[in-house]
Amino acid sequence: MRRLLLRLEDARPLDRIAGVLGRAAGATVARGSMGPALHGSWFGHPLHPAVVQFPVGAWLSAAVLDALPERDDPAIRRATTVLLGAGTVAALPAIATGGSDFTTLTARQRRVAVVHAAANVVAVKLFAVSVLARMGGAHRAGRLLSLAGLGLAGASAYLGGHLAYAQGAGVEAALPPVPVPVPAPEPAAARR
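Parameters and conventions
Residues numbered from 1 in each chain as written. Predicted model: local features only at pLDDT ≥ 70, side-chain atom pairs only at ≥ 80, totals over all residues. Heavy atoms only, no water. Helix = DSSP H or I, 4+ residues; strand = E, 2+ residues; numbered from the N terminus. Rg over C-alpha atoms; globule rule 2.2 N^0.38 Å. Buried < 20%, exposed > 50% of the residue type's maximum accessible area, 1.4 Å probe, protein only. Contact = heavy atoms within 4.5 Å. Areas by Shrake-Rupley, 256 points an atom, 1.4 Å probe, with all protein chains shown as cover. Lys, Arg positive; Asp, Glu negative; His and termini not counted. Charge placed at Lys NZ, Arg CZ, Asp CG, Glu CD. Arc of directions from axis to C-beta. Patch = residues over 30% accessible without salt bridge, like charges linked within 9 Å, V, L, I, M, F, W, Y side chains within 5 Å. Salt bridge = Lys/Arg side-chain N within 4 Å of Asp/Glu carboxyl O. Expected span 1.5 Å × (residues − 1).

Participant: Any details on the overall build of the protein? Residues and values, ideally.
Facilitator: Counting its regular elements, the protein contains eight helices and zero strands. In sequence order, the protein lays out its α and β elements as α-α-α-α-α-α-α-α. Radius of gyration (C-alpha) of the protein: 21 Å, far over the 16 Å computed for a compact globule of 192 residues. Summarising its shape, the C-alpha atoms of the protein cover approximately 70 × 60 × 40 Å along the three principal directions. Looking at the protein as a whole, 35% of its 192 residues qualify as buried. Residue pairs at least 24 apart in sequence account for 72% of intrachain contacts in the protein once pairs closer than 6 positions are excluded. Counting only carbon and sulfur atoms, one obtains 69% of the accessible surface of the protein, whose full area is about 11600 Å². A distance of 7 Å separates the average location of the 19 positive side-chain charges in the protein from that of its 10 negative side-chain charges.

Structure representation (structure tokens):
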């Protein structure tokens, strides 16, 4: 897997797409003071990793409901559809914060981020179509669509983890380290 990720980092053909996405993000979500706000400068670290928790949690919760033997109960179907819809709507701020972060990345990071973003866009579309299918009564198709979306979102999350942990995307080297309190030594008399 590491070899595949390194090949992705070196995939220069992605630079053209990254350039288009970078210009689009710079002209929209990263424009003016909105860029630093969406990046999370006021928060102390990037917002994107925190914001993605809600949609992913909603989609995972829907998958749990889809796995229940009672999944065909109308109340379970309704709850599953609501979770999928809420997760899909909540993906919009995640896309905005990710777009703002995109403008801060190096060329190697952007290549990985292009695939990460593309996988997420397709996953969100799969979840949206799943909601529509379920609302139209095609629950089995809806389950399959959301399962495909969840798989794709999981693969994309792996790429997001690579961006953050292996490539250091979003790491602010200029920030001072957080002081860690060191407990005072215990007096000799108290140790007995």
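Resuming the write-up.
Participant: Describe helix H1 (residues 2-9), and please don't skip the residues or the numbers.
Facilitator: Within H1, the full set of buried residues consists of Leu-5, Leu-8 and Glu-9. In an axial view of H1, the angular spread of the buried residues amounts to 100°, which keeps them on one side of the axis. When the buried face of H1 is taken as reference, the exposed residues oriented beyond 90 degrees from it are Arg-3, Leu-4 and Arg-7. Looking at the buried positions of H1, the neighbouring elements they touch are helix H2 (14-27), helix H7 (107-135) and helix H8 (139-166).

Participant: An account of a nonpolar patch on the surface is needed here, citing residue identities and associated values.
Facilitator: A contiguous nonpolar surface patch, about 360 Å² in accessible area, is contributed by Met-1, Leu-4 and Tyr-158. Counting through the fold element by element, Met-1 comes out in the segment before H1.

Participant: Explain H2 residue by residue, including any values.
Facilitator: Given a rise of 1.5 Å per residue, 14 residues ought to cover 20 Å, and the 20 Å separating the end C-alpha atoms of H2 matches this to within 8%. Every buried residue of H2 is accounted for by Leu-14, Ala-18, Gly-19, Gly-22 and Ala-25. For H2, the arc enclosing every buried residue in end-on projection is 140°, short of the 170-degree limit, so these residues lie on one face. Counted as exposed and oriented over 90 degrees from the buried face of H2: Arg-16 and Arg-23.

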